[in-house]
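Reading the structure
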Amino acid sequence: MATATETKAISHWIGGRAVERPATTGGDVWNPATGEVISHVPFATVAVVDEAVAAAKAAFPEWRQTPLARRAEILFKVRALLDERREKLARILTTENGKTLPDAMGEVARGLENVEFACGVPNLLKGGFSEGASRGVDVYQIRQPLGVVAGVTPFNFPAMVPLWRLSNAIACGNCFVLKPSGKVPSSSLFIAELFAEAGLPAGVLNVVMGDKVAVTRLLEHPDVKALSFVGSTPVARHFYETGTKHGKRVQALGGAKNHMLVLPDAELDAAADAAVSAAYGAAGERCMAISVVLAVGAVADPLIAAIEKRIAAIKVGSGFDASTGMGPLITREHRDRVAGFLDAAVEDGAKVVVDGRKDAATKENGFFLGASLVDHVKPGTRCYDAEIFGPVLSVVRVKSYAEGLKIINENAYGNGTAIFTRDGGAARQFQFDVEVGMVGVNVPIPVPVSYYSFGGWKSSLFGDLHMYGPDGIQFYTRSKVVTSRWPDPTTSKVDLGFPQNR
Ligand code: NAD
């Protein structure tokens, strides 16, 4: 294993360049497929965060005046560079996160969509104009940027989740401070370099590496006007409460427990394909992963058999190996925590149908766990209640659509869900009834395209607006309504009454 002295040091990115600053704490970056430390992240002190916020604040007056056409031109250039370097970025993701290279390429493609959406900023920032709202009076609405905004991101989508926010925020005229997960720092620096190469002025985008100290400073800093967070629910809740207490605009996306409701009339093979793809893709480390199948009535036995058959074909290994279906988990501790749910499931009365630990046992290094399937899981047990965030799929057997729906709606989370059926009426009823923010009809991972917005309900999102797309434009701008009259001395008079539009 590489020692700390052999590893590469990661920098911050402030004022348009990589900067190294003394740190009192830091973290190791692992290659989860080999179990080796590959670099070291120095965590920002309060002074480093303040430096990044100051750089963003200094860049704001000029950036907000930069013509929309020029902002769009830079984003088009970012789009071209990102397109050209997709694989380079994907390789960074596979190295630090462990996901397979094709999966990483998919992540880059979905991030790119957000840049493409933001390229339309001249159109997106169009306001409204009402001529003659009153006699000689026009009313119009404009949307203005907030100033310095910050984003905190998780380990599981190290490129896409930063791009969810950056593109819209910057397009709208804000200056950004990004605090990525310390487990996967390099893609954020790659993205910052790329924006700089595309012509983004220094200070408009800054990246600080850090932990709770950096996040707390961003939440409390008087010059930071809005913050967005993506990560686990306990941190999201704390983030939202602290940020709003300090008078900031906050959106905080949290964890998930996504259910797939399979009705007896579902196309069985398609449902099994979808369940396996959505449960074990990215080793289950997606906030939109399916972690519970609600099997209605007689569909349970054949569906479980079909899933089991497909699991046998999933090869676990390095994400760079073309035959690998599923890479490692992010850390050894997380892998062991996830594996622990298999023992908990048995203790709580469920049945482990496929135990992924046998796969892990064949690999000396790396944080691997094979695809695991647990049957007869019940709400109220550990395997059901926790967000496991790994390759463990639970099957809950239910008697009816109504019983399945009740379980979904009573769950604390409400990120994504899906129904599998051939019955259009049942699907339509489901989309009406279900208390979840993103719904799939025979689509297991219903992540909205970039021109809609992404967000869950209940403990999966704290705040009012969803992320990216039209909600993203609203989040990163303030509305101003101007009521205007050009004086006409012939009609001017004193009137102490409240203005009426006659
Ligand atoms: P995490 O909550 O541990 O970390 C997220 C970010 O918060 C990181 O940048 C981390 O450095 C920082 N952080 C961690 N603890 C903190 C603390 N106490 N105070 C301040 N900052 C802190 O999440 P993770 O493990 O990186 O990511 C996995 C989680 O993210 C899962 O729960 C997953 O469901 C969720 N997620 C949600 C979405 C969504 O859109 N809803 C998307 C991706 C991931």
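Each value, and the rule that gives it
Residues numbered from 1 in each chain as written. Predicted model: local features only at pLDDT ≥ 70, side-chain atom pairs only at ≥ 80, totals over all residues. Heavy atoms only, no water. Helix = DSSP H or I, 4+ residues; strand = E, 2+ residues; numbered from the N terminus. Rg over C-alpha atoms; globule rule 2.2 N^0.38 Å. Buried < 20%, exposed > 50% of the residue type's maximum accessible area, 1.4 Å probe, protein only. Contact = heavy atoms within 4.5 Å. Areas by Shrake-Rupley, 256 points an atom, 1.4 Å probe, with all protein chains shown as cover. Lys, Arg positive; Asp, Glu negative; His and termini not counted. Charge placed at Lys NZ, Arg CZ, Asp CG, Glu CD. Domains from an automatic or database assignment. Buried area = accessible area lost by both parts, 1.4 Å probe. Disulfide = S-S within 2.5 Å. Pairing = 2+ DSSP bridges. Axes fitted to C-alpha atoms, helices over the stretch in contact; angles between N-to-C directions. Salt bridge = Lys/Arg side-chain N within 4 Å of Asp/Glu carboxyl O. Near = heavy atom within 4 Å. Polar contact = N/O pair within 3.5 Å; in protein donor to acceptor, adjacent residues only side chain to side chain. 1 Å grid on protein atoms, 1.4 Å probe; cavity = no way out; pocket = protein on both sides within 12 Å on 5 of 7 lines; lining within 4 Å. Sits in = over half its atoms within 2 Å of the grid points. Nonpolar A, V, L, I, M, F, W, Y, C, P; charged D, E, K, R; others polar. Points joined across faces, edges and corners; volume = space filled by probe spheres on them. Core = buried A, V, L, I, M, F, W, Y, C linked by side-chain atoms within 4.5 Å. Patch = residues over 30% accessible without salt bridge, like charges linked within 9 Å, V, L, I, M, F, W, Y side chains within 5 Å. Expected span 1.5 Å × (residues − 1).

1. Observations regarding the overall build of the chain
A count of helical and extended segments in the chain gives 17 helices and 23 strands. Taken over C-alpha atoms, the radius of gyration comes to 25 Å for the chain, in line with the 23 Å a tight globule of 502 residues would show. Taking the principal axes of the C-alpha coordinates as reference, the chain spans close to 85 × 60 × 40 Å. Across the 502 residues in the chain, those meeting the buried criterion constitute 56%. In the chain, the share of contacts with a sequence separation of at least 24, taken over all contacts with a separation of at least 6, comes to 72%. Surface accessibility of the chain: about 21200 Å² in total, with carbon and sulfur atoms responsible for 54%. Seen as two clouds, the 53 positive and the 52 negative side-chain charges of the chain have centres 5 Å apart.

2. What to know about the domain arrangement of the chain
How big an interface is tends to be stated in terms of accessible area lost as the parts join. Split into domains, the chain comes out as domain 1 (8-254 + 460-481) and domain 2 (258-441). Just the C-alpha atoms count here: the centres of domain 1 and domain 2 sit 31 Å apart. If you look at the interface, domain 1 gives 22 residues, while domain 2 gives 23 residues. Of the roughly 1900 Å² buried at the junction of domain 1 and domain 2 (both faces included), carbon and sulfur atoms supply 65%.

3. Things to note about the state of the cysteines
Inspection of every chain in the model, using the stated rule, returns zero disulfides. The cysteine Cys119 is free of any disulfide, with Cys172 supplying the nearest cysteine sulfur at 13 Å. For Cys119, a relative accessible area of 7% translates into the label buried. This cysteine, Cys383, is not joined by any disulfide, and Cys287 carries the nearest cysteine sulfur, 19 Å off. On the accessibility criterion, Cys383 (1% relative accessible area) is buried.

4. Looking at the sheet that holds strand β6 (residues 128-134)
Pairing is antiparallel in the open sheet, where three strands are placed in the order β6-β7-β23. Strands with a single pairing partner mark the edges of an open sheet, and in this sheet they are β6 and β23 (477-485). If you compare each strand with its neighbour and ignore which way they point, the axes differ by 25° on average. As defined by bridge partners, β6 adjoins strand β7 (residues 137-145) across four bridges and the pair is classed as antiparallel. Along β7, the bridge assignment pairs Ser130 with Val139.

5. A closer look at the pattern of salt bridges
Inspection of every chain in the model, using the stated rule, returns 24 salt bridges. In this structure, Arg79 engages Glu116 in a salt bridge whose closest nitrogen and oxygen atoms are separated by 2.7 Å. Of this pair, Arg79 sits in helix α2 (residues 68-84) while Glu116 sits in helix α4 (residues 101-118), placing them 37 residues apart in sequence. By relative accessible area, Arg79 is classed as partly exposed at 23%. Shared partners join several salt bridges into a network, and the residues in it are Arg79, Asp83, Arg86 and Glu116.

6. Some points on the site of the ligand
Around the ligand, the structure places 25 residues, and the nearest of them are Thr153, Lys179, Ser232, Gly254 and Glu387. Between Ser232 and the ligand, the recorded distance is 2.6 Å, taken from a side-chain N or O atom to an oxygen atom. Contact with the protein chains hides 85% of the accessible area of the ligand, taken as 840 Å² for the molecule alone. Mapping the ligand onto the cavity grids shows that it belongs to the largest pocket. Among the secondary structure elements, those contributing two or more residues to the shell around the ligand are α8 (212-220) and β11 (224-230). Taken together, the residues that form the shell around the ligand break down as 14 nonpolar, eight polar and three charged. Taken domain by domain, the shell around the ligand gets at least three of its residues from each of domain 1 (8-254 + 460-481) and domain 2 (258-441).

7. So, the layout of surface pockets
Roughly 880 Å³ of volume is contained in the largest pocket. What lines the largest pocket is a set of 42 residues, and nearest its centre among them are Pro154, Phe155, Gly231, Ser232 and Val235. Of all elements in the fold, only α6 (160-171), α8, β11, α9 (233-245) and α12 (332-347) reach the threshold of two or more residues within the lining of the largest pocket. In the lining of the largest pocket, the residues fall into 20 nonpolar, 16 polar and six charged. Estimated volume of the second largest pocket: approximately 660 Å³. Along the wall of the second largest pocket there are 22 residues; nearest its centre are Ser134, Arg135, Val137, Arg485 and Thr491. Counting only elements with at least two residues in the lining of the second largest pocket, the list comes to β6, β7 and β23.

8. Comments concerning the nonpolar core
Ile170, Phe176, Val177, Phe195 and Phe239 are the most contacted members of the largest nonpolar core, which totals 83 residues. In contact with Ile170, not counting residues within four places along its chain, are Trp63, Arg71, Phe176, Phe195, Leu200, Val204 and Leu205. In terms of nonpolar packing, the next biggest core, distinct from the first, is built from 65 residues, Leu263, Ile307, Met326 and Ala418 among them.

9. Section: the pairing of strand β16 (residues 372-375)
On β16, burial covers both faces: Ser372 and Val374 on one face and Leu373 and Asp375 on the other are all buried. When strand β15 (residues 351-354) meets β16, the two strands line up antiparallel, connected through three bridges. Directly across from Val354, in β16, lies its bridge partner Leu373.

10. What about a positive patch on the surface?
A contiguous patch of positive charge on the surface is contributed by Arg64, Lys225, Arg249, Arg478 and Lys480. In this structure, Arg478 sits in strand β23.

11. Some remarks on helix α3 (residues 86-97)
Its twelve residues place the ends of α3 16 Å apart at the C-alpha level, agreeing with the 16 Å of an ideal helix rising 1.5 Å per residue. Within α3 the residues assigned to the buried category are Leu89, Ala90, Ile92, Leu93, Thr94, Glu96 and Asn97. Where α3 is buried, its residues meet β4 (26-31), β5 (36-42), α2, α4 and α7 (186-197). Positive phi appears at Gly98, one or two residues downstream of α3, with a value of about 100°.

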